[in-house]
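Single-letter residue listing:
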Amino acid sequence: MDLGIKGKVAVVAAASKGLGKEVAISLAREGANLVICARGEEELKKTEGEIRDRFKVKILSFVCDVTKREDVEKFKDFVIDEFKTVHMLFTNAGGPPPGGFFDFEPEDYLKAINLNLMSAIYLTYAFIPYMKEQRYGRIVASTSITVKQPIKNLILSNVSRTGVVSFIKSLSNEVAPYNITANCVAPGYTMTDRVRKLMEDKAKRENISVDEALKTITKDIPMGRIGDPSEFADVVTFLLSERASYITGATIQIDGGYYRGLM
């Protein structure tokens, strides 16, 4: 299937590693031009070079803290100076630390909301005027399965990521007349550095091995395994493509069946 994104411009946030990097790779494989950002310059430049060498697409990188609006505005200016427009936006940021109610203070929730919700809002406000002007755009926001099924010991993620879904759903209704779609993806347990850290935290907390911690998770996943980042990335790439033109306002879980609800 031709996804219709060859030569189009994609912005991918938090793309130096993890799920953001996999999304950038998947888009590059389909021929998209890329502008990626992250906070760490060394890893970001390494990812930029790797993708350029593998796929021969035009890719640029920009050091940016997406929790700071001034950084996002500078990032936007860089993208527009180079490409004049943007067609696809993947909003993404790291996850807040694990823990329960008694592990945090109210100020910690503000930090989590700034990380997960406000970063998505800043990025969307920065780039959507160009999508509106050209009457075409695709926005996908990364959240977590916690927006559909809160997970024990992830209270900050449970709280902060649900706002992203509300924002994207509200946005989707307003921008649909401009041929802009806006969706969320909700990954379950996917083998990234963050999930490894969560498993290490769980192992330490429960005095078990990391392998045992993984087994306690996979027993609740009908597919019996942790997801591969490429499986997540390929769904995002489809939602960012021309072929996903009638999907908007949706939150799609990518979780091997972990979520037990109907909708």
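Residues numbered from 1 in each chain as written. Predicted model: local features only at pLDDT ≥ 70, side-chain atom pairs only at ≥ 80, totals over all residues. Heavy atoms only, no water.

Asks: Which parts of the structure should I look at to understand the overall build of the protein chain?
Replies: Across its full length, the protein chain holds eight helices and seven strands. A compact globule built from 263 residues would reach a C-alpha radius of gyration of about 18 Å, and the protein chain, at 18 Å, matches this within 12%. When the backbone C-alpha atoms are referred to their principal axes, the protein chain occupies close to 55 × 40 × 35 Å. By the burial criterion, 54% of the 263 residues in the protein chain qualify as buried. Within the protein chain, contacts between residues separated by at least 24 positions form 74% of all contacts whose residues are at least 6 apart in sequence. Here the protein chain displays about 12,700 Å² of accessible surface, and carbon together with sulfur accounts for 52% of that area. Averaging the locations of the 36 positively and 34 negatively charged side chains of the protein chain gives two centres separated by 3 Å. (Helix = DSSP H or I, 4+ residues; strand = E, 2+ residues; numbered from the N terminus. Rg over C-alpha atoms; globule rule 2.2 N^0.38 Å. Buried < 20%, exposed > 50% of the residue type's maximum accessible area, 1.4 Å probe, protein only. Contact = heavy atoms within 4.5 Å. Areas by Shrake-Rupley, 256 points an atom, 1.4 Å probe, with all protein chains shown as cover. Lys, Arg positive; Asp, Glu negative; His and termini not counted. Charge placed at Lys NZ, Arg CZ, Asp CG, Glu CD.)

Asks: Just to check I follow, could you spell out the sheet that holds strand β6 (residues 180-187) for this structure?
Replies: Think of a sheet as strands paired side by side through backbone hydrogen bonds, with each pair either parallel or antiparallel. Strand order in the open sheet formed by seven strands is β3-β2-β1-β4-β5-β6-β7, and the pairing between neighbours is parallel. Because the sheet does not close on itself, it has two edges, and the strands there are β3 (59-63) and β7 (251-254). Shown here is a sheet whose adjacent strand axes are inclined to one another by a mean of 20°, direction ignored. Helix-sheet contacts for helix α5 (residues 155-175) involve β5 (137-142), β6 and β7, and the interaxial angle to β6 is about 160°. The sheet strands contacting helix α8 (residues 229-239) are β4 (88-91), β5, β6 and β7, and the helix crosses β6 at an angle near 165°. (Pairing = 2+ DSSP bridges. Axes fitted to C-alpha atoms, helices over the stretch in contact; angles between N-to-C directions.)

Asks: Would you mind showing me how to read helix α4 (residues 106-134) here?
Replies: Two residues of an α-helix separated by three or four positions point the same way, owing to the 3.6 residues in each turn. Over its 29 residues, α4 extends 42 Å from the first C-alpha to the last, a length consistent with the 42 Å expected when each residue adds 1.5 Å. Roughly 40° is the biggest bend found in α4, and it falls at methionine 118. Directly after α4, the chain includes arginine 135, whose backbone phi takes a positive value near 55°. (Expected span 1.5 Å × (residues − 1). Bend = angle between axes of the 7 residues up to and from the residue.)

Asks: Would you explain α5 in this entry?
Replies: The terminal C-alpha atoms of α5 lie 31 Å apart, and with 21 residues this matches the ideal 30 Å at 1.5 Å per residue to within 8%. Looking at the buried side of α5, the elements it contacts are α4, β5, β6 and α6 (193-206).

Asks: I keep staring at the state of the cysteines and nothing clicks. Help me out?
Replies: Working definition: the covalent bond between the sulfur atoms of two cysteines is a disulfide. Tallying each qualifying case throughout the model produces zero disulfides. This cysteine, cysteine 64, is not joined by any disulfide, and cysteine 37 carries the nearest cysteine sulfur, 4.6 Å off. The thiol of cysteine 184 is not disulfide-bonded; the next cysteine sulfur, from cysteine 37, is found 18 Å away. (Disulfide = S-S within 2.5 Å.)

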